[in-house]
Amino acid sequence: MPPNEFILMAEKTRLIVPLGTELIRMACEQMALWKEEGLSVVPVSVNVSVQQIDNGTISAVLAKGLTSSGLDARLLAVEVTEAATVAEGGIAASELAAFQKSGINVYVDDFGMGYSSLAQLKRLNMDGLKIDHAFTSQLLNGRADAALFEAIVSMAHALEMRVVAKGGETTEQLAALRR
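Quick caveat, the model's predicted, so the values are computed rather than measured.

(A) View of the pattern of salt bridges. By the definition in use, this model includes 5 salt bridges. Residues Glu29 and Arg25 are paired through a salt bridge, measuring 2.4 Å at the closest nitrogen-oxygen approach. Here Glu29 pairs with Arg25, and both are found in helix H2 (residues 16–36), just 4 residues apart, close to one helical turn. Among the residues examined, Glu29 registers a relative accessible area of 45% and is labelled partly exposed. For Arg25, a relative accessible area of 32% gives the class partly exposed. Notably, a salt bridge pairs Glu79 with Lys130, separated by 3.1 Å at the nearest N-O pair. One end of the pair, Glu79, is in strand S2 (residues 76–81); the other, Lys130, is in strand S4 (residues 128–131), with 51 residues separating them in the sequence. Across this residue pair, the class does not change: Glu79 and Lys130 are buried.

What counts as what
Residues numbered from 1 in each chain as written. Predicted model: local features only at pLDDT ≥ 70, side-chain atom pairs only at ≥ 80, totals over all residues. Heavy atoms only, no water. Salt bridge = Lys/Arg side-chain N within 4 Å of Asp/Glu carboxyl O. Helix = DSSP H or I, 4+ residues; strand = E, 2+ residues; numbered from the N terminus. Buried < 20%, exposed > 50% of the residue type's maximum accessible area, 1.4 Å probe, protein only.

In structure tokens, the structure reads:
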């Protein structure tokens, strides 16, 4: 089953919350094992669904994973979709603030494909944007596509966010991304 179908099924059956909890535990355990074995540990990102945020316990799940593994919070990043940033009832804002307060970086995943507003990005004070592959793949298709990509990067940098671009599958795309 392709990942998108699997995730949709997990969300539909509401199994995404326990699956996400297990994923976070496993990611923290794996990083702790690498550290124990003397390997360099680089930050790992985990995707968090809207349901996990709406559940209101995801910050506690992340804290437990970090505590039980003895990891520094800076080694864990959370990626949320634009939809998660506009969750109802203020839960999203408080959960995202709790992540950041503990030192976990928060990225907006698949930026540009959802329906967030620039005001929402500013209000939530995200650490970074992960630009969707759709923009990266179009980067070399002309001035308009390049200008749109550059505008997203400029906006993110103006908001003091780091930028990650999905894709970059050709030498030409990589060169354009570096520029």
